[in-house]
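One-letter residues, chain by chain:
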Amino acid sequence: MHNQGTMTQMKRHKALSPAERVDYSKYYDLLMKRRGELLDIDHRDEREIDQRQTTGEAPGDLGDGSVIDTNSDYFLQLADRDRQELIDIRDALEKMHHGTYGVCENCKKRIDPERLNRMPHARLCMSCQSARESRERVYRLHPTPKL
Ligand SMILES: [Zn+2]
């Protein structure tokens, strides 16, 4: 909502500079595409939402990635996985806004571009992700005993 203008701008300006810089615009497009797919799965009638959101914004502004209403009916009807992915996508877009996109949330290293291509909403680099997953596996195999 408030950073709508910024996101649009960011999309318009291509990669800002040298090699080091992650080309956000490419991942922005991937995120928006994925987000569109997710949102289309369960809510068949987008007009209904448009009508409920009578915010006076121009039509088409629904396309802004930072606006995902996590309390809305269509969001709550999504499968857990899709919901989580939408949240990840929203946060990824938010991170672009703050200039921290593509950085692992755990070790703060840059996430492999290959990984971002496949999973533009990734929060963790490959090694942190697999570390986390194996930790979770251990928890599942050896659950904390109930008292
Ligand atoms: Zn990491």
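Residues numbered from 1 in each chain as written. Predicted model: local features only at pLDDT ≥ 70, side-chain atom pairs only at ≥ 80, totals over all residues.

S.K.: Can you walk me through the overall build of the protein in this structure?
M.R.: In terms of helices and strands, the protein carries 7 helices and 0 strands. Walking the protein from its N terminus toward its C terminus, one meets helices and strands in the order α-α-α-α-α-α-α. Across the 147 residues of the protein, 14% fall into the buried class. Counting only contacts in the protein whose residues sit at least 6 apart along the sequence, the fraction spanning at least 24 positions is 59%. (Helix = DSSP H or I, 4+ residues; strand = E, 2+ residues; numbered from the N terminus. Buried ≥ 20, exposed ≤ 12 C-beta atoms within 10 Å, placed from the backbone. Contact = placed C-beta atoms within 7 Å.)

S.K.: Would you take a moment to explain helix 5 (residues 80–98) for this structure?
M.R.: One full turn of an α-helix is made of 3.6 residues, so residues set three or four places apart face in the same direction. Here helix 5 spans 27 Å end to end across 19 residues, near enough to the 27 Å set by a 1.5 Å rise per residue. Among the residues making up helix 5, those that are buried are Leu86, Ile89, Ala92, Leu93 and Met96. Looking down the long axis of helix 5, one finds its buried residues gathered within 120° of arc, a one-sided arrangement. More than 90 degrees from the buried face of helix 5, the exposed residues found are Asp80, Gln84 and His98. (Expected span 1.5 Å × (residues − 1). Arc of directions from axis to C-beta.)

S.K.: Would you take a moment to explain the nonpolar core for this structure?
M.R.: Considering soluble globular proteins, one finds that nonpolar side chains tend to be buried as a cluster. Core analysis: the largest hydrophobic core is formed by 14 residues, its most contacted members being Tyr27, Leu31, Ile89, Ala92, Leu93, Met96 and Tyr101. Of all the elements in the fold, those that place two or more residues in this core are helix 2 (24–42) and helix 5. (Core = buried A, V, L, I, M, F, W, Y, C linked by C-beta atoms within 7 Å.)

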